[in-house]
Amino acid sequence: MTTKTKPETTPTPPSDLSAWDMARSILSGLEQARDRALEEYDAAHAVDPRNPYTASKGQTRDILELLQRARRDLEDDMNSAARMNGLEL
């Protein structure tokens, strides 16, 4: 009888990115997610342009607003931190 053993995995080494670089990456990800949400909203609107309350439009609109708010808040905080600490945004 042969038993299968799980192959050993090596732990992922810690990232070489600084916390600031990671935060900038998050900001970039929020921008990309917002762009995707806009595309999804436009696609939902193209299907039924007369009804602003279709389920997919409402859900996408909520996600879009959340992403815009998160991006705005993070960007404002990062701009302040960059000015105070001589960092580049």
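Bear in mind the structure is a predicted one, so any value in this text is a computation, not a measurement. (Residues numbered from 1 in each chain as written. Predicted model: local features only at pLDDT ≥ 70, side-chain atom pairs only at ≥ 80, totals over all residues. Heavy atoms only, no water.)

Caption draft 1: Seen up close, helix H2 (residues 55-85). End to end, H2 covers 45 Å across 31 residues, agreeing with the expected 45 Å (1.5 Å per residue, within 8%). Within H2, burial applies to Lys57, Gly58, Thr60, Leu64, Leu67, Arg71, Met78, Ala81 and Ala82. In this structure, the buried residues of H2 make contact with helix H1 (19-47). Directly after H2, the chain includes glycine 86, whose backbone phi takes a positive value near 70 degrees. (Helix = DSSP H or I, 4+ residues; strand = E, 2+ residues; numbered from the N terminus. Expected span 1.5 Å × (residues − 1). Buried < 20%, exposed > 50% of the residue type's maximum accessible area, 1.4 Å probe, protein only. Contact = heavy atoms within 4.5 Å.)

Caption draft 2: Region of the structure containing the side chain of lysine 57. With respect to the helices and strands, the residue lysine 57 is situated in helix H2. Here lysine 57 occupies a buried position and makes no salt bridge, while the nearest side chain of opposite charge, aspartate 48, is found at 5.6 Å. There is a polar contact of 3.3 Å between the side chain of lysine 57 and the side chain of histidine 45. Ignoring anything within four residues of it in the chain, the contact list for lysine 57 reads Tyr41, Ala44, His45, Asp48, Pro49, Asn51 and Pro52. (Lys, Arg positive; Asp, Glu negative; His and termini not counted. Salt bridge = Lys/Arg side-chain N within 4 Å of Asp/Glu carboxyl O. Polar contact = N/O pair within 3.5 Å; in protein donor to acceptor, adjacent residues only side chain to side chain.)

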